[in-house]
Amino acid sequence: MLFMVEMDVNIPLDFDAEEAARLKAEEKAYSQKLQADGTWRHIWRKTGLYSNVSIFDVASNEALHDVLMALPLYPFMVMKVTPLNRHPSAIRDDDT
Ligand SMILES: O=C(O)C[C@H]1C=CC(=O)O1
């Protein structure tokens, strides 16, 4: 199942800088592990924003929930989740 997830990150300005750097490093490692195993199919930065658009490929709503809740930066994120269907006019057999 494919989902588009939009993540807006908002770390308070007075949050400890070292802790923020640690959480960002953890987030990067977690994200790259999920990208390597095919769960996190695409990640794009929204230009000019601390925000991304991502595509996830997971087995169920519950699986996506678990992946998102485990994001180290989750406490600082607002997310919008959109389920995706293959478009009937798509010309490619896959969506890579
Ligand atoms: O930077 C972001 O958009 C937030 C988050 C998502 C992946 C990652 O490494 O950080």
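Rules behind the numbers
- Residues numbered from 1 in each chain as written.
- Predicted model: local features only at pLDDT ≥ 70, side-chain atom pairs only at ≥ 80, totals over all residues.
- Heavy atoms only, no water.
- Near = heavy atom within 4 Å.
- Polar contact = N/O pair within 3.5 Å; in protein donor to acceptor, adjacent residues only side chain to side chain.
- Nonpolar A, V, L, I, M, F, W, Y, C, P; charged D, E, K, R; others polar.
- UniProt positions renumbered as here; feature names shortened; annotations may be inferred.
- Helix = DSSP H or I, 4+ residues; strand = E, 2+ residues; numbered from the N terminus.
- Salt bridge = Lys/Arg side-chain N within 4 Å of Asp/Glu carboxyl O.
- Buried < 20%, exposed > 50% of the residue type's maximum accessible area, 1.4 Å probe, protein only.
- Core = buried A, V, L, I, M, F, W, Y, C linked by side-chain atoms within 4.5 Å.
- Contact = heavy atoms within 4.5 Å.
- Phe/Tyr/Trp six-rings, centres within 6.5 Å; stacked < 30°, edge-to-face > 60°.
- Pairing = 2+ DSSP bridges.

A.B. asks: Explain the site of the ligand to me, please; I cannot follow it from the model alone.
C.D. replies: All residues adjacent to the ligand are Val9, Glu27, Lys28, Ser31, Trp40, Ile43, Arg45, Tyr50, Asn52 and Met77. At 2.7 Å from an oxygen atom of the ligand is found a side-chain nitrogen or oxygen belonging to arginine 45. Take asparagine 52: an N or O atom from its side chain is 2.8 Å from an oxygen atom of the ligand. Grouping the constituent residues of the shell around the ligand by class yields five nonpolar, two polar and three charged.

A.B. asks: Looking at this model, I keep getting lost on the UniProt feature "domain: Muconolactone isomerase" (unreviewed entry) in the chain. Mind explaining?
C.D. replies: UniProt feature "domain: Muconolactone isomerase" (unreviewed entry): in the numbering of this structure it lies at residues 1-89. Annotated as 33% helix and 33% strand, the span residues 1-89 places its first and last C-alpha atoms 19 Å apart.

A.B. asks: For this particular structure, what's the right way to read the pattern of salt bridges?
C.D. replies: A side chain with one charge may pair with a side chain of the opposite charge, provided their charged atoms come close. The final tally for this structure, using the stated rule, is four salt bridges. Across the salt bridge formed by arginine 22 and glutamate 19, the nearest N and O atoms sit 2.8 Å from each other. A residue pair is termed a helical-turn pair when its members lie 3 or 4 positions apart in one helix, as arginine 22 and glutamate 19 do in helix H1 (residues 17-36) at three residues. Of the residues examined, glutamate 19 reaches a relative accessible area of 26% and is grouped as partly exposed. Note that glutamate 26 and arginine 22 form a salt bridge whose closest N and O atoms lie 2.4 Å from each other.

A.B. asks: It is not clear to me how the nonpolar core should be interpreted in this structure. Could you clarify?
C.D. replies: Nonpolar side chains tend toward joint burial in soluble globular proteins. Counting residues in hydrophobic clusters, the biggest one holds 19 residues, and the most contacted among them are Val5, Met7, Phe56, Leu64, Leu68, Leu71 and Leu73. Of all elements in the fold, only strand S1 (2-9), H1 and helix H2 (61-69) reach the threshold of two or more residues within this core. The contact partners of leucine 64, leaving out residues within four places of it in the chain, are Phe3, Val5, Phe56, Val58 and Val81.

A.B. asks: Sorry if this is basic, but what is going on with the packing of aromatic side chains here?
C.D. replies: When we look at a pair of aromatic rings, we describe it by the centre distance and by the angle of the planes. Enumeration according to the criterion identifies two aromatic pairs in this entry. Look at phenylalanine 15 and phenylalanine 76: their rings are 5.0 Å apart centre to centre, the planes differ by 70°, and that puts the pair in the edge-to-face class. Of this pair, phenylalanine 15 sits in the loop between S1 and H1 while phenylalanine 76 sits in the loop between H2 and strand S4 (77-84); the two residues are 61 residues apart in sequence, bridging distant segments of the chain.

A.B. asks: What is the right way to look at the pairing of S1 in this model?
C.D. replies: Working note: regular strand, side chains alternate between the two faces of the sheet. Bridge analysis of S1 against strand S3 (residues 51-57) gives seven bridges, and the strand direction is antiparallel. Looking at the pairing, leucine 2 lines up with aspartate 57 of S3. One ladder, built from eight bridges, connects S1 with S4; its direction is antiparallel. Of the residues in S4, the one forming a bridge with methionine 7 is methionine 79.

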